[in-house]
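Architecture at a glance
Take a look at the letters that make up each chain.
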Amino acid sequence: MATGGTKVIVQAIAGNSFITVIKFFGFFVTASPSMMAEAVHSLADTFNQILLFIGIKQSKAKASRDYSTGMGGASYVWNLVSAVGVFFIGFGVTFYHGMHSL
């Protein structure tokens, strides 16, 4: 991984968190369903980046008695958790909204 990758992800988390708060504020002021959808989307992006950050931190762990080759593959596991989580949460929200609309 490139040097400074952790710094970039922390900055992205901070930026997306700020954007999420602003969008939720916009939703509460306007009661716009579109703004609510955007706020939830930004919140999902923030959680996605947090999971990626966890994966990067764990993948940098040194070899230990339990993990003799280190934990370099942890980033792949957390990437998978992030992708599957975003997919299924998106599906769940969409399915709920569809059933509610019917």
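Quick caveat: nothing in here was measured; it's all calculated off a predicted structure. All chains use their own residue numbering, which begins from 1 and follows the written sequence. Where local features are concerned, this predicted model is filtered to residues with pLDDT of at least 70; where side-chain atom pairs are given and counted, the filter is 80 or more; whole-chain, interface and lining totals use all residues. Note: side-chain values were computed over all heavy atoms of the structure, leaving out hydrogens and water.

**Considering helix α2 (residues 33-59)**
Strands here are runs of E lasting at least two residues and helices are runs of H or I lasting at least four, both read from the DSSP assignment and numbered beginning at the N terminus. Here the expected span of a helix is defined as 1.5 Å times the quantity of residues minus one. Here α2 spans 39 Å end to end across 27 residues, near enough to the 39 Å set by a 1.5 Å rise per residue. Each residue is assigned to one of three classes by its accessible area relative to the maximum for its type, calculated with a 1.4 Å probe on protein chains only: buried under 20%, partly exposed between the two thresholds, exposed over 50%. Of the positions making up α2, those classed as buried are Ala39, Ser42, Thr46, Gln49, Gly55 and Ile56. Where the residues of α2 are buried, they touch α1 (5-30) and α3 (74-101). A contact between two residues is defined here by any heavy atoms of the two lying within 4.5 Å.

**Focus: the packing of α2 against α3**
Every axis in this analysis is a line fitted to C-alpha atoms, fitted for helices over the stretch in contact. Angles between the N-to-C directions lie between 0 and 180 degrees. Across the interface, α2 lies against α3 with an axial gap of 7 Å and an inter-helix angle of 165°. When the interaxial angle is binned, α2 and α3 end up roughly antiparallel. Where α2 crosses over α3, the handedness of that crossing is right-handed. For the pair α2 and α3, contact is made by Asn48, Leu51, Leu52, Ile54, Gly55, Gln58 and Ser59 and by Ala74, Ser75, Trp78, Asn79, Val81, Ser82 and Val86, respectively. Of the residues that constitute the contact of α2 with α3, the class distribution is 7 nonpolar, 7 polar and no charged. The scheme is simple: roughly parallel for angles under 35 degrees, roughly antiparallel for over 145, roughly perpendicular for 65 to 115, oblique for anything else. By definition, turning the near helix anticlockwise from the far helix through less than a right angle yields a left-handed crossing, and turning it clockwise yields a right-handed one. Classification convention: Asp, Glu, Lys, Arg as charged; Ala, Val, Leu, Ile, Met, Phe, Trp, Tyr, Cys, Pro as nonpolar; all other residues, Gly among them, as polar.

**Considering the pattern of salt bridges**
Salt bridges are defined by distance alone: a side-chain nitrogen of Lys or Arg within 4 Å of a carboxyl oxygen of Asp or Glu. As enumerated under the stated definition, the model contains 1 salt bridge in all. The residue Glu38 makes a salt bridge to Lys23 at a minimum N-O spacing of 3.1 Å. Here Glu38 is found in helix α2, whereas its partner Lys23 is found in helix α1, with 15 residues between them in sequence.

**Some remarks on the side chain of Gln49**
Inspection of the secondary structure assignment puts Gln49 in helix α2. We classify Gln49 as buried; its relative accessible area is 18%.

**A closer look at the confidence of the model for the protein chain**
Scored between 0 and 100, pLDDT is the confidence that the predictor attaches to each residue. Mean pLDDT over the protein chain: 85, with 96% of residues reaching 70 or higher. The secondary-structure element of the protein chain with the lowest mean pLDDT is α3, recorded at 83, while α1 shows the highest, at 93.

**Details of the packing of aromatic side chains**
Where two aromatic rings form a pair, the distance of their centres and the angle of their planes describe that pair. For this analysis, a ring pair means two rings from Phe, Tyr or Trp (six-membered ring only for Trp) whose centres lie within 6.5 Å, classed as stacked if their planes differ by under 30 degrees, edge-to-face if by over 60, and tilted for the remaining angles. Applying the stated rule across the entire model yields 3 aromatic pairs. An angle of 55° between the planes, with centres 5.3 Å apart, marks the rings of Phe27 and Phe28 as tilted. Judged by centre distance (5.8 Å) and plane angle (25°), the rings of Phe91 and Phe95 are stacked. A residue pair is termed a helical-turn pair when its members lie 3 or 4 positions apart in one helix, as Phe91 and Phe95 do in helix α3 at 4 residues. With relative accessibility at 48%, the residue Phe91 sits in the partly exposed group. What makes Phe95 partly exposed here is its relative accessible area of 47%.

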